[in-house]
Amino acid sequence: EQLKGAVTFEHVSFRYPGMSSYVLKDISFHVRPGETVAILGSTGAGKSSILQLIPRLYDPTEGAVYVDGMNLKDIKMDDLRKRIGFTPQESILFSGTVEENLAWGKSDASLSEMKAAAKDAQIHETITDLKDGYETKLGQKGINLSGGQKQRLSVARALIRKPNILILDDSTSALDLQTESKVLDAIDEYKCTLFIVTQKLSTAKRADKIMLIDDGKIIEEGTHDQLMNTSALYREIAYS
Ligand code: GTP
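Predicted model only: the values in this text are computed from it and were never measured.

1. Digging into the site of the ligand
Then, in step 1: In the vicinity of the ligand there are 13 residues, among which Thr43, Gly44, Lys47, Ser48 and Ser49 approach most closely.
Then, in step 2: Contact between the ligand and Tyr16: a nitrogen atom at 3.3 Å from a side-chain N or O atom of the residue.
Then, in step 3: Between the ligand and the protein, one listed contact pairs an oxygen atom with a backbone N or O atom of Gly46 at 2.9 Å.
Then, in step 4: For the ligand, whose unbound accessible area comes to 650 Å², protein coverage reaches 61%.

Next comes the structure, spelled out in structure tokens:
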């Protein structure tokens, strides 16, 4: 039971199907239940590739990934979907109402569950200000949301499932510091394990673990204070 939310990578190497070069090279780490992990690194470093292995969008080429203490290969996909909330880099919203888009996270969610998640993701007020509120149509036949609004809606969709593990792949990049901090404060209350790709120092600071990724490898790992002391590269990022 105390492994709920644990994530372990054991010597994981990965190349995309049909490609000859490895994008992840011998990645190992252990994340304890409830920890927040900030993932930093330049574009193409492999951050998204690491995160995609957790909900099993791909399987590692070598090595193994464990979630809740179990090898991913031994967890049924349906079951895995319940444990993990994943918001990809590009928010995926479809032409439908706000409510329908939120319910994609959990088809039997009640309106009050949706509202609670939307409040936590700091998007509830935006929704209630829309002409038809939660019934407002999005996409081609409806209104277009801004990048940051789409991101918050995607986060709400992931929260509805009350996941043990939440993965935000650059899904808060369009939020201002204050809004992001409110969203993260609310996520703290879910007591889930959080992986967050970020470029914001304020987000890295609150993480239990920061992983600096470069060229498919973890090159530095530690808290903000530790890395400020030990990593010239991290200091460079921090001061930039
Ligand atoms: P940003 O999202 O730009 O910040 O980069 P990232 O750190 O998330 O890197 P990512 O994991 O997306 O990419 C690592 C490497 O894998 C890069 O060389 C990409 O070109 C490559 N890559 C990413 N997605 C795919 C894919 O779907 N197919 C293939 N063949 N290569 C991919």
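So much for the structure itself; the text now carries on.
2. Here we look at the environment of Phe9
Then, in step 1: For Phe9, the position within the fold is in strand β1 (residues 7-14).
Then, in step 2: Taking C-alpha positions, Phe9 is 9.3 Å from Ile50, a pair spaced 41 residues apart along the chain.
Then, in step 3: Setting aside its immediate chain neighbours within four residues, Phe9 contacts Ile27, Ser28, Phe29, Ile50, Leu53, Ile54, Ala64 and Val65.

3. Observations regarding the pattern of salt bridges
Then, in step 1: A full pass over the atoms with the stated rule returns eleven salt bridges.
Then, in step 2: Taking the shortest distance from any N to any O, the salt bridge between Arg83 and Asp79 comes out at 2.8 Å. Of this pair, Arg83 and Asp79 both sit in helix α2 (residues 77-83), four residues apart, which is roughly one turn of that helix.
Then, in step 3: Between Lys209 and Glu221 there is a salt bridge, with its nearest N and O atoms 3.7 Å apart.

4. Observations regarding the packing of aromatic side chains
Then, in step 1: In total, this model carries six aromatic pairs according to the counting rule given.
Then, in step 2: Taken together, a centroid distance of 5.1 Å and an interplanar angle of 90° make the contact between Tyr16 and Tyr58 edge-to-face. Here Tyr16 is found in the loop between β1 and β2 (24-31), whereas its partner Tyr58 is found in the loop between α1 (47-52) and β4 (62-67), with 42 residues between them in sequence.
Then, in step 3: Looking at Tyr16, the relative accessible area reads 22%, which means it is partly exposed.
Then, in step 4: Through a chain of ring-to-ring contacts, three or more aromatic side chains come together here, namely Phe9, Phe29 and Phe195.

5. So, the side chain of Ser48
Then, in step 1: Within the fold, Ser48 resides in helix α1.
Then, in step 2: Looking at Ser48, its side chain comes within polar contact range of the side chain of Asp169, at 2.8 Å.
Then, in step 3: In this structure Ser48 touches Gln89 and Asp169, once residues within four positions along its chain are discounted.

6. Considerations on a nonpolar patch on the surface
Then, in step 1: Together, Ile92, Phe94 and Trp104 line one region of the surface with nonpolar side chains, adding up to about 300 Å² of accessible area.
Then, in step 2: Relative to the helices and strands, Phe94 resides in the loop between β6 (84-87) and α3 (98-103).

7. Things to note about the sheet that holds strand β7 (residues 165-168)
Adjacent strands of a sheet form backbone hydrogen bonds with each other and so pair up, either parallel or antiparallel.
Then, in step 1: The strand order across the open sheet built from six strands is β6-β7-β8-β3-β9-β10, with neighbouring strands paired in mixed fashion. Of all the strands in the sheet, just β6 and β10 (217-222) have a single pairing partner and so form its edges. Strand after strand, the sheet turns through a mean of 15° between neighbouring axes, direction not considered.
Then, in step 2: For strand β3 (residues 36-41) and strand β9 (residues 209-214), the ladder comprises five bridges, and the chain directions are parallel. Paired with Ile39 across the bridge in β9 is Met211.
Then, in step 3: Packed onto the sheet, helix α7 (residues 177-188) meets β7 and β8 (193-197) and runs at close to 160° relative to β8.

8. A look at the side chain of Arg152
Then, in step 1: Within the secondary structure layout, Arg152 lies in helix α6 (residues 147-159).
Then, in step 2: No salt bridge is formed by the buried Arg152, whose closest oppositely charged neighbour, Asp176, lies at an N-O distance of 6.9 Å.
Then, in step 3: Residues contacting Arg152, with those up to four places away along its chain left out, are Ala121, Gln122, Ile123, Thr126, Leu175 and Thr179.

What counts, and at which threshold
The residue numbering used here restarts from 1 in each chain and proceeds along that chain's sequence as written. At least 70 in pLDDT is required for a residue's local features to be given in this predicted model, at least 80 for side-chain atom pairs to be given and counted, and no such filter applies to totals for whole chains, interfaces and linings, which use all residues. Values reported for side chains reflect all heavy atoms of the structure, with hydrogen atoms and water molecules removed beforehand. To be near a molecule or strand, a residue needs just one of its heavy atoms within 4 Å of it. For the purposes of these results, a polar contact is taken to be a pair of N or O atoms within 3.5 Å, where, inside protein, one atom must be able to donate a hydrogen and its partner to accept one; residues adjacent in sequence count only when each atom of the pair is a side-chain atom. Surface accessibility in these figures is a Shrake-Rupley result with a 1.4 Å probe; residues are shielded only by whichever protein chains are displayed. Here a strand is any run of E in DSSP of at least two residues, a helix any run of H or I of at least four, and the numbering for each starts at the N terminus. By definition in these notes, contact holds between two residues if any of their heavy atoms fall within 4.5 Å. Between Lys or Arg on one side and Asp or Glu on the other, a salt bridge is scored when a side-chain nitrogen of the former is within 4 Å of a carboxyl oxygen of the latter. Pairing of aromatic side chains here covers Phe, Tyr and the six-membered ring of Trp, requires ring centres within 6.5 Å, and sorts the geometry by plane angle: under 30 degrees stacked, over 60 edge-to-face, intermediate tilted. Only protein chains enter the accessibility calculation, which uses a 1.4 Å probe; a residue is then buried when its area is under 20% of its type maximum, exposed when over 50%, and partly exposed in between. Nonpolar side chains (Val, Leu, Ile, Met, Phe, Trp, Tyr) within 5 Å and like charges within 9 Å form the patches, drawn only from residues with over 30% relative accessible area and no salt bridge. Strands qualify as paired when DSSP identifies two bridges or more between them. With axes taken as lines fitted to C-alpha atoms, and helix axes fitted only over the stretch in contact, angles between N-to-C directions fall between 0 and 180 degrees. His residues and chain termini do not enter the charge count, which takes Lys and Arg as positive and Asp and Glu as negative.

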